[in-house]
Structures are given as structure tokens and as C-alpha cells.
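# Fold and geometry: a report
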Amino acid sequence: MRRGKSAFGTGSSVVVEECQICENKKLESILFLGYLPPVNEMHPIGERPCEQPSFPAEILHCPKCHLVQLGLVVDPKILFPPGYPYTSSTTRILRENFAELYRECRTIVDIGPNDLVVDIGSNDGNLLSNFKDNHRVLGITPEEIGKIAIERSIPTVIDYFRKEVVEKIKKKHGKAKIITATNVFAHIEKPNEIVELILDLLSEDGVFISESHYLMKLIETLQYDTIYHEHLRYYSLSSLKYLLEKHGLEIIHAKEIPTHGGSIRVYAARKGNYRARDSIKAILEKEKREILDRERLLEFKKKVVISKLELYDLLVDIKKQGKRIYGIGAPSRASTLINYVGIDDGIMDFVLEIKGSHKVGKYMPGTVIPVVDEAKLFEDQPEYAMLLSWHIADELAPKLRQKGFEGGFIVPLPKPRII
Ligand SMILES: [Zn+2]
């Protein structure tokens, strides 16, 4: 296999010169969201602004395998530092999703108590907590947060998923019957090498289950805010199929799931080992009908630009009336929205996070908008609250209303509006 330049350990970034899946050099530029700061670079409130890095966010399309991908790979040591603040167990929708994944996967794969289940990017052990009572489990995650999983009796290797780690795991635990990679399979550079490593760790009758943000959903609901440097690739089922088949894997089941504003869960095994379900055909046919060519993607770009301007328009009126806007939630995607649209501390006074969040007491990336405890929303009662996790607006808005917030809600995407 050809080995292009890797960003890992460079302390910097590498420009994508060829398709990350099929190595095609003729990539089409679709959308440029500007230079964005790393989403986890958050400075303490009160610190004077100092030099900080920012990286170009350009979206490229490969006309050969139809992968949509970022034009720059940033060293994971910058993006996923040991102090990486994200914990997946705090999100209800994710907890429910992983419980459902466990139920579903037992109807597809026959897993016994001695079978090993390995989760790549296991974070705080949220997914494996569903498996741990009935099977052998092992998490791999580069963040210190893996220690929380260990406290929850989920054995966890705190490291990046790489060859040396796979060798050690095979020696100590043997091969895995199930390998999961949820919301991480699009985050690691060199997908071909990752699939080879997964194959190396997977038993002959093993199944690889991935969950990734779904490109068709991203386009459909204009989720340009999920474009940031952690997300190197935006998969359709067709591009995933291309990647997996290149390595002798066959997709045996696929379905759309609601996490992260619309994801796709894909089961794959060595070719011929399992019966492929009808679910796959339906999704592939739908993707074929909605063919993602350059024209359709440029149409997406146009909509992104209009949406940005409409949001700005809406904010102009509010600010002219001297009213306050607080942001609700500081998910990674909020950083792209705020930086791309150009929202600063003059427009948004505060961003609120739940008590105990690592983000409280810091500035939003690339700005001096302070992130403070949610309680401030109810004390100050600003005229407006912008839902930065707008993809779960239906869940959030009633909750905040119930807790006593009296102002209006701004939903920034896909169509900026006040509810
Ligand atoms: Zn390609």
C-alpha cells in the first residue's frame, strides 16, 4: 500500500493531495469555510488573547469514489490532546443509541461470553458499558477520559489506534469478534491503513460496526457546522462500500440513525461470511437517485452561503433593538458556526453550558465569548437564546422553557428562524 505523508506527530498539518480512499489526484474543491481554530483550543476567561493556530476548512469531492473530504489533515495530537474534554455519556441520545446498537448487533452476530468486543475511540466507555456484563470488552481511546471507563470496570488502553497497540492487544487478549468505531471512523487519517489494522485485529468470523455522520443528511439539512478538522471524511454508504470492499470486506447491514444530527450505522464482515441484508440495497439506490456530483454539491454551497447571510440578517435586527443573545451549549459544531458566520462577543454575550462542563470558564474557540454556567440564563433572562445544538432543538427548547427561560429561541440552521 502506498504511504503518503502522515500528519500524526508532526505538530502541524498535511494538505490532502489525493483522495483519502482511492488515491485519485483530481479532487474538486466544493466549499471553503475559512480558517478555523481547533475546536478544543479554549482559553481561560480573562486571559489576554494570544497567538493561536487556525486551519483552512476546505471541502473536496472525489469524482471517482464520491468521497467528500476535508482538504487538510491536522495532527491528531493537536485535535485530540490528552485533556480532550468530550464525554459521550452526558448525551442522552448517544446513551440510547448504544443500548440499541447492542440489542441490534446480537440479532446479527452470535457473540458468546468469551468473545472480545473492542471499541475504537471508546471515550468514557459509554458504548462498551452495554456489552461489559455479558462479554469480554476492551476500549481504546487516546484521551485521559479513558480513566473514567477503567473506573467503571471497562478495561481501556489509553492510546491512539495504531499498529503497535493492535499487536499488544492481540498478544494479551486475542482477536476480536466485534470491533466498533462510532463517530471516529471518519476522524482518523489514512482510512486504508485503518481498515487493514481492523482486519488484523478482527477474528475470521468477526464483524466490524461503524457509525459515521451521514453525508446525505449533512447535505439535506445543511449541517455545514459539522465540518471541522476532527472530521476528515463525510461518508455516504457508497463511499464506505468502496473503501471496505477494497479490503475484502462486505457490508452486511446498514441503517440511518439519529445521532449527531443524522448518522449511518454499517456492519461489515469478510466477504461471504454473513448474509447481506436488504437494508443496504434500499440506501444505495436512494443515494444513486440523489447522485452527489459536483453540481449538487455546488448547490449545497450556495445554500450554505444564503443560510449564513440570513442568520446575519436576523441578528442585525435583534442587535439594532439593543437586545441580548446568549448561546445555548458549546458543542464542537458551535465553533464552526460562530467562526464561519462571524459571531463575536458583541453579538453573543455568553454561551451557556451545563454545570460541571470542562468548557465553563473558557472562551469559545477563536473568540472572547465567555462560556458560563447555564444558571445565568435563568437569572439574566436575555431576550434571545440561540440553540447551538440546533439539531436537537425539539428536545432542548421545551426543557429550557420548563426550567424557566422566558425569551425567544433562535434556531440558526438549516433555515435561521425564531421559535
Ligand atoms: Zn476517491
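The sections below set out a description of the structure shown in this document. (Residues numbered from 1 in each chain as written. Predicted model: local features only at pLDDT ≥ 70, side-chain atom pairs only at ≥ 80, totals over all residues. Heavy atoms only, no water.)

Any two of four tetrahedral donors ideally make an angle of 109.5 degrees at the metal, while pairs among six octahedral donors ideally make 90 or 180 degrees. Donor atoms from the polypeptide that bind the zinc ion are Cys-19 (SG), Cys-22 (SG), Cys-62 (SG) and Cys-65 (SG), placed at 2.3 Å. Taken together, the four donor atoms coordinating the zinc ion and their angles of 100 to 116° define a geometry best described as tetrahedral. Linear spacing of the donor residues for the zinc ion on their chain is C-x2-C-x39-C-x2-C. Taken together, the positions of Cys-22 in the loop between β1 (13-15) and β2 (28-36) and Cys-62 in the loop between β3 (55-61) and β4 (68-70) put the pair 40 residues apart, joining distant regions of the chain. We note that Cys-22, like Cys-62, is buried. (Donors = N, O, S within 2.8 Å, 3.2 Å for Na, K, Ca; no water. Tetrahedral: all angles 85-135°; square planar, octahedral: opposite > 155°, others 65-115°. Helix = DSSP H or I, 4+ residues; strand = E, 2+ residues; numbered from the N terminus. Buried < 20%, exposed > 50% of the residue type's maximum accessible area, 1.4 Å probe, protein only.)

Inspection of every chain in the model, using the stated rule, returns eight aromatic pairs. When the ring of Tyr-102 is compared with that of Phe-131, the centres are 4.6 Å apart and the planes differ by 65°; the resulting orientation is edge-to-face. Separated by 29 residues along the polypeptide, Tyr-102 in helix α2 (residues 92-108) and Phe-131 in the loop between β6 (116-120) and β7 (136-141) bring together distant segments of the chain. Judged by relative accessible area, Tyr-102 falls into the buried class, the value being 7%. (Phe/Tyr/Trp six-rings, centres within 6.5 Å; stacked < 30°, edge-to-face > 60°.)

So, on to unusual backbone geometry. That bond from Leu-413 to Pro-414 is cis: its omega, -10°, falls within 30 degrees of zero. Topologically, Pro-414 is positioned in the loop between β18 (408-411) and β19 (417-418). The backbone phi angle of Glu-23 is positive, close to 70°, even though this residue is not glycine.

Here four strands make up an open sheet; going across it, the order is β2-β3-β4-β11 and the pairing antiparallel. At either end of the open sheet lies a strand with only one pairing partner, and these are β2 and β11 (233-234). Sheet analysis places β4 next to β11, joined by two bridges and oriented antiparallel. Note that in β11 the partner of Val-68 across the bridge is Tyr-234. (Pairing = 2+ DSSP bridges.)

Treat this as a map of the structure, not an account of what it does.
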